[in-house]
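Listed here are the chains, written in short residue letters.
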Amino acid sequence: MNNKSFCTIADVADLVPGLREVRQHLHQNPELSNEESDTAALVAEKLQSLGFKVTSGVGGHGVIGSMTLGAGKRSIGIRADLDALPITELTGVSYASQSPGKMHACGHDGHTAMLLGAAEQLARSKNFSGTVNLIFQPAEEIGFNSGAERMLAEQLFERFPCDAVYGLHNHPGYPVGKMMFRSGPFMAACDTVNITIHGKGGHAARPHMTVDPILVASSLVVALQSIISRNIDPNETAVVTIGSLHSGHAANVIPETARLEMSVRSFDSGVRKILEDRIRTLVSNHAAGYGARAEIEYVPGYPVLVNHDKETAFALEVAKELVGEDNVVENLAPISGSEDFAYFLQQKPGCFLRLGNGDSAVLHNPAYNFNDESLSFGAAYWARLAERYLTDE
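Visitor: Honestly, the packing of helix H8 (residues 309-323) against helix H10 (residues 375-389) in this entry has me stumped. Any pointers?
Guide: The description of two packed helices rests on the angle between their axes and on the distance between the axes. Put simply, H8 and H10 touch, their axes get as near as 10 Å, and they point 125° apart. When the axes of H8 and H10 are compared, the pair comes out oblique. As for the relative orientation of H8 and H10, their crossing is right-handed in sense. Where H8 abuts H10, its residues Phe314, Ala315, Glu317, Val318, Ala319, Glu321, Leu322 and Val323 lie against Phe377, Ala380, Tyr381, Arg384, Leu385, Arg388 and Tyr389.

Visitor: Sorry, what's going on with the nonpolar core here?
Guide: Burial of nonpolar side chains together is a common tendency in soluble globular proteins. Grouped together as the largest cluster of nonpolar side chains are 60 residues, with contacts concentrated most on Phe136, Tyr166, Phe181, Tyr381 and Trp382. With 10 residues, H10 is the largest single contributor of residues to this core. For Tyr381, the residues in contact, after removing those within four places along its chain, are Met179, Phe181, Ala315, Val318, Ala319, Leu322 and Leu353. Ile195, Met262, Val264 and Tyr298 belong to the second-largest nonpolar core, a separate cluster that totals 26 residues.

Visitor: When you look at the packing of aromatic side chains in this model, what are you seeing that I'm missing?
Guide: In this description, an aromatic ring pair is defined by two values, namely the gap between the centres and the angle between the planes. As enumerated under the stated definition, the model contains six aromatic pairs in all. Consider the rings of Phe157 and Phe344, whose centres lie 5.6 Å apart with planes at 70°: the pair is edge-to-face. Linking Phe157 in helix H5 (residues 156-159) with Phe344 in helix H9 (residues 341-347), this pair joins segments that are 187 residues apart in sequence. Residue classification places Phe157 among the buried positions, given a relative accessible area of 5%. For the pair Tyr302 and Tyr343, a centre-to-centre distance of 5.9 Å together with 80° between the ring planes defines the contact as edge-to-face. Highlighted residues: Tyr302 in the loop between strand E13 (293-299) and strand E14 (305-307) and Tyr343 in helix H9, separated in sequence by 41 residues. What makes Tyr302 buried here is its relative accessible area of 3%. The exposure class of Tyr343 is buried, given its relative accessible area of 14%. Here a set of aromatic residues connected by ring pairs shows up, and it is made of Phe157, Phe341, Phe344 and Phe352. Over the face of the ring belonging to Tyr389 we find Arg74, whose NZ or CZ atom lies 3.7 Å from the ring centre. Directly above the aromatic system of Phe6 lies the positively charged group of Arg388, at a separation of 5.9 Å from the ring centroid.

Cut-offs and rules
- Along each chain, numbering runs from 1 in the same order as the chain's sequence is written.
- In view of the model being predicted, local features appear only for residues whose pLDDT reaches at least 70, and side-chain atom pairs are presented and counted only at 80 or more, with totals across whole chains, interfaces and linings using the full set of residues.
- In computing side-chain properties, one takes all heavy atoms of the structure into account and sets aside hydrogens as well as water.
- Note on geometry: axes are C-alpha line fits, over the in-contact stretch for helices, and angles between N-to-C directions span 0 to 180 degrees.
- Under the scheme used here, helices are H or I runs from DSSP no shorter than 4 residues and strands are E runs no shorter than 2 residues, and both carry numbers assigned from the N terminus.
- By definition in this entry, angles of less than 35 degrees are roughly parallel, angles greater than 145 are roughly antiparallel, angles of 65 to 115 are roughly perpendicular, and the rest are oblique.
- In this scheme, a crossing is called left-handed if the near helix is turned counterclockwise away from the far one by less than a right angle; it is called right-handed if the turn is clockwise.
- For this analysis, residues touch if any pair of their heavy atoms sits within 4.5 Å.
- Residue types Ala, Val, Leu, Ile, Met, Phe, Trp, Tyr and Cys, when buried and joined through side-chain atoms within 4.5 Å, form a set referred to as a nonpolar core.
- To sort residues, take the accessible area from a 1.4 Å probe on protein chains only and compare it with the maximum for the residue type: under 20% means buried, over 50% means exposed, and anything in between is partly exposed.
- Whether two aromatic rings pair depends on their centres lying within 6.5 Å, for rings of Phe, Tyr and Trp, where Trp uses its six-membered ring; planes under 30 degrees apart make the pair stacked, over 60 edge-to-face, and the rest tilted.
- Charge-over-ring placement is defined geometrically: NZ (Lys) or CZ (Arg) within 6 Å of the ring centre, and within 35 degrees of the ring normal.

Okay, structure coming up:
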């Protein structure tokens with residue numbers, strides 16, 4: 001590092017009112033995965049007004065803002081996500097969602113606003129030499145065939161070369177301004193399993209003449225937990241959660257089928273394989289033991305998000321410069337949530353980090369709200385990271 005002056009939180013203070021306005025506008029007008037047309041149009045318009053070269057329609061509604069200055073040969077990618085969730089908002093804020101059943105319950109409105117703030121700071125300071133690619137990605141929340149996958153399928157990094165790529169997510173429960181890192185496996189792989197139990201329906205008064213799929217499904221919920229406690233090394237982390245169980249319509253009818261929907265999470269490819277093998281075997285045999293039949297749909301989701309050592313160390317160094325060592329967590333525990341940014345990190349070195357959101361509701365909760373006090377920290381961090389990465393040595 002040379003003695004150049006890089007972006008500080010004070011440098012973006014004048015941008016915060018505008019960023020808050022953008023963030024709250026996005027919050028009020030959420031768009032679900034693959035529907036982010038208005039959000040993308042707002043992003044593209046703001047980037048164009050700042051002098052970025054803008055490419056829209058990448059991987060769906062993805063937007064790339066590129067700017068090259070000086071003679072530097074390096075390039076950096078910084079990503080924010082655009083989409084909202086199918087949740088009915090219960091925050092009670094004045095700018096609450098105007099779209100019933102849709103809300104920014106994960107803070108992507110804040111992620112987008114922070115990166116737009118960095119774009120404005122970089123455009124006006126011009127304190128870098130090289131290329132900045134700001135990646136506004138659609139459809140992170142969808143779970144499979146995501147925006148990241150589709151952007152890569154459309155040659156994202158061939159069209160917009162990046163020597164390294166970075167992203168962040170807000171983190172409820174940690175103070176605003178706190179920044180959290182971990183090298184190596186950081187966020188879990190997530191697979192979805194849909195199970196249909198085929199039994200034999202009949203009258204509730206004559207259960208002996210039926211094969212009750214509800215009984216099979218109910219016992220299966222408990223049996224599946226034995227995979228974690230008895231098949232996975234206690235030193236490894238894995239999660240099997242049944243989030244949905246549906247069957248029947250009347251109290252006096254034993255139905256023909258029952259359906260379970262599961263989320264399966266892991267941090268190691270070997271553990272991931274064990275989970276799939278054991279789930280398939282246990283479900284099939286368990287159902288057969290009751291005289292029923294199980295139909296299993298195993299849907300591979302996002303892979304483990306693995307941060308690269310060198311890029312994580314650099315991101316950590318920049319954070320310490322910006323907010324001080326006391327506000328940086330160097331080795332945050334792995335997070336069982338998943339992120340399609342993992343696909344970017346499979347192709348390019350980089351780091352995904354976390355930024356404190358204060359004492360807010362948890363993510364994906366109808367009472368959650370992104371903390372606008374974080375806007376200055378995120379915008380300044382991204383600007384400083386780009387400036388530091390693209391400094392002439």
